[in-house]
Amino acid sequence: MVVEPKVKGFICTTAHPKGCEESVRRQIECTKQYREGAQVPSKVPKKVLVIGSSTGYGLASRIAVTYGYGADTIGVAFEKESNGKRTATAGWYNTAAFEAFAKEDGYYAKSFNGDGFSTEMKEQVIQCIKEDFGQVDLIVYSMAAPRRTMPDGTVVSSVLKTVGEPFTNKTIDLRTNEIKEVTVPAANDDEIQATVQVMGGEDWKDWIRALHDAGVIKQGAVTLAYSYIGPVVTHPIYKEGSIGQAKKHLYDTSVQLTKEFADIGLKAYISVNKALVTQSSAAIPIVPLYMSLLYRIMKEAGLHEGCIEQMDRLFLDKLIGHVETDEEGRIRMDDYEMRADVQKKITDVWEGIDSQSVQELADIEGFWDEFYQMFGFRYDNVDYTEDVQI
């Protein structure tokens, strides 16, 4: 069929198989180019497990370690294949493309599709590691699910709300480019707890314990999870909001993992990454306006990075050899975003921006380009008028 983008709110319900393949190809080329200029030691992780490997930072991580380290990878994701009438999800096509490229280039790449929270998935992956790897020396935890089925069968869902009091500030309606005020309600205790259960460190710890107990983590291995802090203007909705409580739990889990698994020398890190367009960030009030301003300012300063540029710099510059961290032991990939000059420019613009000036001051087109490219659209060398096999 001819596949076109169908956007409802901030969700695209279609994905383009050739566009997703092009996205993966470009990310691979980016890593290859970055690898040529990097000083990569001979001793780097070679057997890598990526939990949440089909889109965004997880996919970029898998590409970066494969083409940056020369690593073999196992990926875990939960995506939907095509039913013959509707396309598969972007993550399904991304994974198929990555596996094809990796195997063509001589790398092992195997993917498991299903609920990464489940005991059954952990058991399947452990069996695969035993048979094909023996042990893994890097575990990347990049799960970004909206809900989780708990061991007792109950389903808990995360919410994007404040903690304590509602918060009102500017946002942008990306469909009309209108600047308006929005009020984000406060979460109750049950919603906060559920958000922590879905997006905190509980499942990360479950994975590490299961892998450790099965003896498939190599001595001196590293595990890594991703987080975000952001500027003061987004703190009520992000850092101090319900999702921020989950991210605090994730950080605390990293500290606990390093202590609990000292017997095998495991090091657990949080990488604080830059704000980027994702399916969830596009729907968070206030954040799209901030990101549109950030994109313009960082592009003008030559500092803008997408997922793959962030992950190349993380894995090829910051995670090998002496690991560079802040005073709390976190790896700061948001260092360019949080530069004083970048944040000052955003602050200077924020109060005065309105519907008339937003096109001039914000990179709205760049925001939408990244949104559509997540689903394989808006690549200039892909013919979107041709029939494709879905």
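Since the structure is predicted, the reported quantities are computational estimates derived from the model, not experimental observations.

Right, let's talk about the overall build of the chain for a bit. Within the chain, the secondary structure is distributed over 12 helices and 13 strands. The globule rule puts the C-alpha radius of gyration for 390 residues at 21 Å, and the 20 Å found for the chain is close to it. When its C-alpha atoms are laid out on the principal axes, the chain stretches across 60 × 50 × 45 Å. For the chain, the proportion of its 390 residues judged to be buried stands at 55%. Of the contacts formed within the chain by residues at least 6 apart in sequence, a portion of 77% connects residues at least 24 apart. Approximately 17300 Å² of the chain is accessible, and the part contributed by carbon and sulfur atoms is 48%. For the chain, the distance from the average site of its 43 positive side-chain charges to the average site of its 58 negative ones is 2 Å.

Positionally, serine 53 belongs in the loop between strand S3 (47–51) and helix H2 (56–69). Note on serine 53: relative accessible area 3%, which makes it buried. If we skip the residues at most four places from it in the chain, serine 53 touches Gly58, Leu59, Arg62, Gly75, Val76 and Ala77.

The full count for this structure, using the stated rule, is 28 salt bridges. In this structure, the salt-bridge partner of aspartate 334 is arginine 332, at a minimum N-O distance of 2.9 Å. When the shortest N-O distance is used, the salt bridge between aspartate 341 and arginine 339 registers 2.8 Å. Of the residues examined, aspartate 341 reaches a relative accessible area of 36% and is grouped as partly exposed. Judged by its relative accessible area of 36%, arginine 339 is partly exposed. Each of Glu305, Arg313, Lys318, Glu324 and Asp335 takes part in salt bridges that share partners, so that together they form one network.

The computed volume of the second largest pocket comes to approximately 420 Å³. Contributing to the lining of the second largest pocket are 16 residues, with Lys43, Val44, Pro45, Gly220 and Val222 lying nearest its centre. Broken down by element, the lining of the second largest pocket gets its largest block of residues, 5 residues, from strand S11 (residues 217–227). Of the residues contributing to the lining of the second largest pocket, the split by class is 9 nonpolar, 4 polar and 3 charged.

Before going further, it helps to spend a moment on the side chain of arginine 62. Mapped onto the elements of the fold, arginine 62 is located in helix H2. Despite being buried, arginine 62 has no salt bridge partner; glutamate 99 is the closest side chain of opposite charge, sitting 4.8 Å away. Within the structure, the side chain of arginine 62 is placed 2.9 Å from the backbone oxygen of lysine 110, a separation counted as a polar contact. In this structure arginine 62 touches Val50, Ser53, Thr73, Ile74, Gly75, Thr95, Phe98, Ala109, Lys110 and Ser111, once residues within four positions along its chain are discounted.

Let us look at the packing of aromatic side chains. Summed over the entire model, instances satisfying the criterion amount to 12 aromatic pairs. Seen in terms of ring centroids, tryptophan 368 and phenylalanine 371 are 5.2 Å apart; in terms of plane orientation they differ by 85 degrees. Their pairing is edge-to-face. Residue tryptophan 368 and its partner phenylalanine 371 are both found in helix H12 (residues 364–373); the two are separated by 3 residues, about one turn of the helix. Each member of the pair tryptophan 368 and phenylalanine 371 is classed as buried. Joined through ring pairs, the aromatic side chains of Phe367, Trp368, Phe371, Tyr372 and Phe375 make up one cluster. The positively charged end of arginine 313 is found above the aromatic ring belonging to tyrosine 336, 4.0 Å away from the centroid.

The biggest cluster of nonpolar side chains holds 92 residues, and the ones touching the most others in it are Tyr69, Leu138, Tyr290, Phe315 and Leu319. The element contributing the most residues to this core is helix H8 (residues 287–300), with 9 residues. Excluding anything up to four places from it in sequence, leucine 319 contacts Tyr69, Leu138, Val222, Leu224, Tyr269, Leu314 and Ile331. In terms of nonpolar packing, the next biggest core, distinct from the first, is built from 32 residues, Ile74, Ile139, Phe261 and Ile264 among them.

Counting buried positions over the 6 residues of strand S12 (residues 267–272) gives 5, a clear majority of the element. Where S11 meets S12, 6 bridges bridge the pair, whose relative direction is parallel. Within S12, the position partnered with alanine 225 by the bridge is isoleucine 270. As a crossover connection, the stretch from S11 through helix H7 (residues 242–260) into S12 is right-handed. Examined bridge by bridge, S12 and strand S13 (residues 331–332) share 2 bridges and lie parallel to one another. From the neighbouring strand, serine 271 faces S13, where its bridge partner is isoleucine 331.

About the thresholds
- Per chain, residues are indexed from 1 in the order of the written sequence.
- Local features are withheld for residues below a pLDDT of 70 in this predicted model, meaning they are given only at 70 or higher, and side-chain atom pairs are given and counted only at 80 or more; totals for whole chains, interfaces and linings count all residues.
- For the side-chain quantities, the full set of heavy atoms in the structure was used; hydrogens and water were omitted.
- Strands are runs of DSSP state E lasting at least 2 residues, helices are runs of H or I lasting at least 4, and numbering of each runs from the N terminus.
- Only the C-alpha atoms count toward the radius of gyration. The rule for a globule is 2.2 Å times the residue count to the power 0.38.
- Each residue gets one of three labels from its accessible area relative to the maximum for its type: buried under 20%, exposed over 50%, partly exposed in between, using a 1.4 Å probe on protein chains only.
- The contact criterion used throughout is that any non-hydrogen atoms of two residues lie within 4.5 Å.
- The Shrake-Rupley method, run with a 1.4 Å probe, gives the accessible areas here. Residue values count only the displayed protein chains as cover.
- Residues scored as positive are Lys and Arg, those scored as negative are Asp and Glu, and His as well as the terminal groups of each chain are ignored.
- Here the site of a charge means NZ on Lys, CZ on Arg, CG on Asp, or CD on Glu.
- What makes a salt bridge here is a side-chain nitrogen of Lys or Arg within 4 Å of a carboxyl oxygen of Asp or Glu, nothing more.
- Put simply, the grid is 1 Å and covers the protein atoms alone, a cavity is a trapped set of points that fit a 1.4 Å probe, a pocket is an open set with protein on both sides within 12 Å along at least five of seven lines, and lining residues have an atom within 4 Å of a point.
- Grid points are joined across faces, edges and corners, and a volume is the space filled by probe spheres set on the points.
- Polarity classes work like this: nonpolar for Ala, Val, Leu, Ile, Met, Phe, Trp, Tyr, Cys and Pro, charged for Asp, Glu, Lys and Arg, and polar for all others, with Gly in that last group.
- As used in this structure description, the phrase polar contact means that two N or O atoms lie within 3.5 Å; if the pair is within protein, one of them must be able to donate a hydrogen and the other to accept it, and residues adjacent in sequence are counted only when both atoms belong to side chains.
- We call Phe, Tyr and Trp rings a pair once their centres come within 6.5 Å, taking the six-membered ring for Trp, and we label the pair stacked below 30 degrees between planes, edge-to-face above 60, and tilted otherwise.
- Two limits define a charge over a ring: the Lys NZ or Arg CZ must be within 6 Å of the ring centre, and within 35 degrees of the ring normal.
- Take the buried Ala, Val, Leu, Ile, Met, Phe, Trp, Tyr and Cys residues and link them wherever side-chain atoms come within 4.5 Å; each set so joined is a nonpolar core.
- Being paired, for any two strands, means DSSP has found at least two bridges between them.
- Handedness of a crossover is defined as follows: orient the strands so they point away from the viewer, and if the path from the first strand over the helix to the second runs clockwise, the crossover is right-handed.

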